[in-house]
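Single-letter residue listing:
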Amino acid sequence: MKKIFSTLFALATAAVLLSAQSIPSLQKVNGKTCLVQDGKPLILLCGELHNSTASSVSYMEKEKTFDNLKAIGLNSVIATASWELVEPTEGKYDFTEVDYVIKAAREHDMKVIFIWFGAFKNPFMTYAPTWVKKDVKRFPRAKDEKGNDLEMPCVLSDNMMKADAKAYCAFLSHVKDVDFDKTVVMIQIENEPGIRGTVRDFSPLAEKAWKANVPDQLISYLKSHDGSLKDDVQQAWDNNGKKTKGSWEQVFGKSLTEDDGNNPILNQTEHFFTAYSYAKYLDYLSSEGKKVYALPTFTNASIFGIASRGRSLGNGCSIPEFFDLYAAGAPSLDILTPNSYMQQIDEICKAFVWNGNPILIPESGVSALRGLYVIGEWDAIAFSPFGIDSFAAGASSNPSEAQKNFFDGYNLLSQMYPLIRENIGKDSMRAVYLYNGHATDTIDMGDYTINFSYGRRGFDIGAMMAPATGGAPGAGGRAQQQQEPRFEGAALLIQVSPDEFYMMGDGVNASFTMKEGVKSSYCGFDKIYEGEFVDGKFVPGRLLNGDERNAFLTPGKISALKVTMYHY
């Protein structure tokens, strides 16, 4: 009897302890916004499932989805929760798939970010329930200039917005009830907001809003941020006399409809109107949801280029040109995030740290090196390749070389977790990412200037003996004169003392010199160790000397070095 009582007491105590875990929140750590739970920053080594994967429990079990995700090193996953499955009949809810994702993630010691696919998904309303899609009177569609219905909701419809928010809040209420150990840490609301097939919505509700005065909320934002607005918004407002009252065209001007050779945003005012309309819709869901369960929220944008001049998968998407419209219209959204399939992830991050916006990459090409870079250089909250379940297929039973290499990258970051946490927001942690057109980079750390180049050793006999037409990019020969194959390299550096550095990554050579202004007659390597990290501690392997005495991370193999310098 005592044994039974003891067991029940232990289970009850465990449940109380688990339920006492804090709701994840965004907090400043050394000046950087981090996702914090129980007083510690979370660094999400993540992956996003294909859109349809989380719609079927039997499919996920058959495919061993979570076993495979764990086998490639994930500590978190982005999965969908769709309105059509959550509320197939109005007022009647089904959380079967949501519950399975939470349970499976918990069993695999992983966190979850849910995407709420509600009224639209870049930007079509395919995830809305049938009862919503068929009732076009109650839930009106967006229309093109000719008055044709589009397969997109009119986001200016209160009926649509409130029905979406009601289901979203029911979903959050359920998560709050069942997620006793706070496995779910964030919510992405909708996906890639914007409109396609028309420059803006021409439905009756949209026409009324278009001709009405620009909302006071936006005017107030323009006034309080005058002089620091994004260039396109600032210029359009300036050019029209900084009006504080009037229609969209009166305040921002009539739009150009043809490119004059200077790459303007065509239909710019229509884009502003659309961006603000979507922002207000997202803000309503976010703010109503936080009344139920205050998880951090974000939305994402499809990025086709930096300074893309308004071009995205949807007009009015939350790209850099329209950040002000989203900041004004959706203050309850915590983060604006990029879908970054472009190789220039460094440029994307530079654009998205606008006004302290933290970096979170919800969609990317599959590359552990990109994750290593955004975490090391930008203190990213999460890095998440898209379609990760396809890439991870079979990894739990028979991993491929690509899967092993990805695991090596994520596992290295995982083993470095304590060290990364200690250095978040500090100049002692930096990273570089090298790719076609950007094969070199330079950073300063402490008294040192560190120059990075892709894919070669300081002394590489293999490159010296390679045929003139061969060799890796940067290795010499006539290969440089030909079109180079796509390549990537990355290095994350953590400075642990004035002359000691940990260097992790793939495909990068680093040379150290004294920073300009630091007096020294000589600077050189003292010791270079290969090694690995175990629970945040570096375990040394070979001491590199002679022909291997270089701070060089071999291409195609994610590895770690400890580099000690000396100078006099």
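Residues numbered from 1 in each chain as written. Predicted model: local features only at pLDDT ≥ 70, side-chain atom pairs only at ≥ 80, totals over all residues. Heavy atoms only, no water.

A. How the structure looks around the nonpolar core. Residues Phe-66, Trp-83, Phe-114, Phe-171 and Phe-252 are the most contacted members of the largest nonpolar core, which totals 150 residues. Sorting elements by how many residues they give to this core places helix H7 (residues 158-178) first, with 10 residues. Counting 25 residues, the second-largest nonpolar core is a separate cluster that includes Leu-434, Val-508, Phe-525 and Ala-551. (Core = buried A, V, L, I, M, F, W, Y, C linked by side-chain atoms within 4.5 Å. Buried < 20%, exposed > 50% of the residue type's maximum accessible area, 1.4 Å probe, protein only. Helix = DSSP H or I, 4+ residues; strand = E, 2+ residues; numbered from the N terminus.)

B. Representation of the sheet that holds strand S1 (residues 25-29). Taken together, 3 strands build an open sheet; the order of strands is S1-S2-S3 and the sheet is antiparallel. The outermost strands of the open sheet, each flanked by one partner alone, are S1 and strand S3 (40-42). If you compare each strand with its neighbour and ignore which way they point, the axes differ by 65° on average. In terms of strand pairing, S1 meets strand S2 (residues 32-37) through 5 bridges, oriented antiparallel. Across the sheet, residue Lys-28 finds its bridge partner in S2, namely Thr-33. (Pairing = 2+ DSSP bridges. Axes fitted to C-alpha atoms, helices over the stretch in contact; angles between N-to-C directions.)

C. Representation of the packing of aromatic side chains. Under the definition given, this model contains 33 aromatic pairs. Pairing Phe-120 with Tyr-278 gives two aromatic rings, centres 5.1 Å apart and planes at 90°, and the pair type is edge-to-face. Residue Phe-120 is located in strand S6 (residues 111-121), and its partner Tyr-278 is located in helix H12 (residues 268-292); the two are separated by 158 residues in the primary sequence. Accessibility expressed as a relative area gives 0% for Phe-120, which makes it buried. (Phe/Tyr/Trp six-rings, centres within 6.5 Å; stacked < 30°, edge-to-face > 60°.)

D. Region of interest: the packing of helix H5 (residues 96-107) against H7. Where H5 contacts H7, the axes come no closer than 11 Å and their chain directions differ by 35°. When the axes of H5 and H7 are compared, the crossing they make is right-handed. Contacts from Val-98, Asp-99, Ile-102 and Arg-106 of H5 reach H7 at Phe-171, His-174, Val-175 and Val-178. (Left-handed = near helix turned anticlockwise from the far one by under 90°. Contact = heavy atoms within 4.5 Å.)

E. Quick look at the pattern of salt bridges. In this structure the tally under the stated criterion is 19 salt bridges. Linking Asp-179 and Arg-106 is a salt bridge whose minimum nitrogen-to-oxygen distance equals 3.4 Å. Of this pair, Asp-179 sits in the loop between H7 and strand S9 (184-191) while Arg-106 sits in helix H5, and the two are 73 residues apart along the sequence. Judged by its relative accessible area of 1%, Asp-179 falls in the buried class. With relative accessibility at 23%, the residue Arg-106 sits in the partly exposed group. Residue Asp-238 is joined to Lys-242 by a salt bridge in which the shortest nitrogen-to-oxygen separation is 3.7 Å. On the basis of relative accessibility, which here comes to 34%, the residue Asp-238 falls in the partly exposed class. Each of Arg-106, Asp-179 and Asp-181 takes part in salt bridges that share partners, so that together they form one network. (Salt bridge = Lys/Arg side-chain N within 4 Å of Asp/Glu carboxyl O.)

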